[in-house]
Amino acid sequence: MRGKITAIIASSLLFINVIFWCSMLFILTPIKFILPEIAVRKIMDPIFSTIAGAWISCNSGWMKLTQSTQWDIKLPDNLDPKGWYFVSSNHQTWVDIFVLQHVLNGKIPFLKFFLKQELIRVPIMGQAWWALDFPFMKRFSKSYLEKYPEMKGKDIETTQKACEKFKYIPTSVMNFFEGTRFTPAKHEKQNSPYEHLLNPKSGGFAFALNAMGDKFQSCLDCTIVYPNGIPSFFDFMQGKVPEVIVRIREVPIPSEFCQGAYENDAEFKKRFQTWVSDLWSDKDQQIGELKQMANLDAHTHLTLG
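Residues numbered from 1 in each chain as written. Predicted model: local features only at pLDDT ≥ 70, side-chain atom pairs only at ≥ 80, totals over all residues. Heavy atoms only, no water.

### A short note on a nonpolar patch on the surface
On the surface, Met1, Ile5, Ile9, Leu13, Phe15, Ile16 and Leu65 cluster together into a nonpolar patch covering about 780 Å² of accessible area. Ranked by residue count, the leading element in the nonpolar patch is helix α1 (residues 2–28), at five residues. For Phe15, the position within the fold is in helix α1. (Patch = residues over 30% accessible without salt bridge, like charges linked within 9 Å, V, L, I, M, F, W, Y side chains within 5 Å. Areas by Shrake-Rupley, 256 points an atom, 1.4 Å probe, with all protein chains shown as cover. Salt bridge = Lys/Arg side-chain N within 4 Å of Asp/Glu carboxyl O. Helix = DSSP H or I, 4+ residues; strand = E, 2+ residues; numbered from the N terminus.)

### Describing the nonpolar core
Core analysis: the largest hydrophobic core is formed by 49 residues, its most contacted members being Val87 and Leu104. With nine residues, the single largest contributor to this core is helix α3 (residues 37–66). Setting aside its immediate chain neighbours within four residues, Val87 contacts Leu104, Ile108, Leu111, Ser172, Val173, Met174, Asn175, Leu220 and Cys222. Grouped together as the second largest cluster of nonpolar side chains are 35 residues, Phe216, Cys219, Phe272 and Val276 included. (Core = buried A, V, L, I, M, F, W, Y, C linked by side-chain atoms within 4.5 Å. Buried < 20%, exposed > 50% of the residue type's maximum accessible area, 1.4 Å probe, protein only. Contact = heavy atoms within 4.5 Å.)

### Examining the pairing of strand β8 (residues 243–251)
Side-chain positions along a regular strand alternate between the two faces of the sheet. In the sheet, strand β1 (residues 70–74) pairs with β8 via five bridges, with the strands oriented parallel. Looking at the pairing, Asp72 lines up with Ile245 of β8. Pairing geometry for strand β7 (residues 218–225) and β8, over seven bridges, is antiparallel. Note on β8: the bridge partner recorded for Leu220 is Glu250. (Pairing = 2+ DSSP bridges.)

### Here we look at the packing of aromatic side chains
One pass over the full model with this rule turns up 22 aromatic pairs. Ring pairing ties together the aromatic residues Phe86, Phe177, Phe205, Phe216, Phe257, Phe268, Phe272, Trp275 and Trp280, which thus form one cluster. If you follow Lys32 out to its NZ or CZ, it ends over the ring of Trp130, 5.7 Å from the centre. (Phe/Tyr/Trp six-rings, centres within 6.5 Å; stacked < 30°, edge-to-face > 60°. Lys NZ or Arg CZ within 6 Å of the ring centre and 35° of its normal.)

### A closer look at the pattern of salt bridges
In the structure shown here, the tally under the stated rule is six salt bridges. For Asp221, the salt bridge identified is with Lys283, shortest N-O distance 2.7 Å. Residue Asp221 is found in strand β7, and its partner Lys283 is found in helix α11 (residues 266–304); the two are separated by 62 residues along the sequence. Like Asp221, the residue Lys283 is buried in the burial classification. A salt bridge links Asp282 to Arg249; the nearest nitrogen and oxygen atoms lie 3.7 Å apart. In this pair, Asp282 sits in helix α11 while Arg249 sits in strand β8, placing the two residues 33 residues apart along the sequence. The class for Arg249 is partly exposed, based on a relative accessible area of 33%. Members of the salt-bridge network, linked through shared partners, are Asp221, Arg249, Asp282 and Lys283.

### Some words on unusual backbone geometry
With a phi close to 65°, Ile124 is a non-glycine residue in the positive phi region. Its location among the elements puts Ile124 in the loop between β4 (115–116) and α5 (125–131). At Asp133, a position not held by glycine, the phi torsion is positive, near 65°. Tracing the chain through its elements places Asp133 in the loop between α5 and β5 (136–137).

Put into structure tokens, the structure is as follows:
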């Protein structure tokens, strides 16, 4: 019963927060159609980012009120709220988004996630993501391209066009390399070589680098671990996420990857995928070590208790 009451309170606060800040966004959005593109980027985007940051701060507020989560966070000391970052993370649950926003808000520019094109139709949130210039990706299957060959490359153009907007003001672009949430079933189906991760998809990262050149000063490699098991969003709203471990490291992006034809240069694509695979291997090992350490701490606590 207590969990359900917590969920009702948390959901109500979340809903109020969404309506309040989205209303502010929607009031200001028409101005974007009036001002020239450069003015929008330099004048309106900072205002929108401030609103988004306040939105996330309020999310952190109701999380503190309704959650008793223990946070174990380690991140670089030199993060710059006026920098340009590409942010990647493992992906297990919708809770990951709240975790990343909570941990990084105010330390780097507001996170903008790669989203599937279909999500723009989500009531209120879809329009808010559009107003905040989230990059919407439209990927075509091989069978679709065989039927409509003239659409080949259009998905890349869409991604690059979305990312070009971020050249003018400090931006953090977030992408889950796995492209979907981790589950044992997906892990088995992919025959993933990693113990704790699905296979990474590096295309979105490559297209973003191609669009923004050397603007990204580095990649923030984020690792999220839930020692008590991967929570559902409902678990989170009920306050049933007792501990979250977050590790973030700053990884330099090789300059050669800021200019290259990922789709048309087989050698470039191979080098890029190898680099991402190395990042993923390190992350997989780190997740194993963090889980082992968390289990050891839990065992020690029980023994002493």
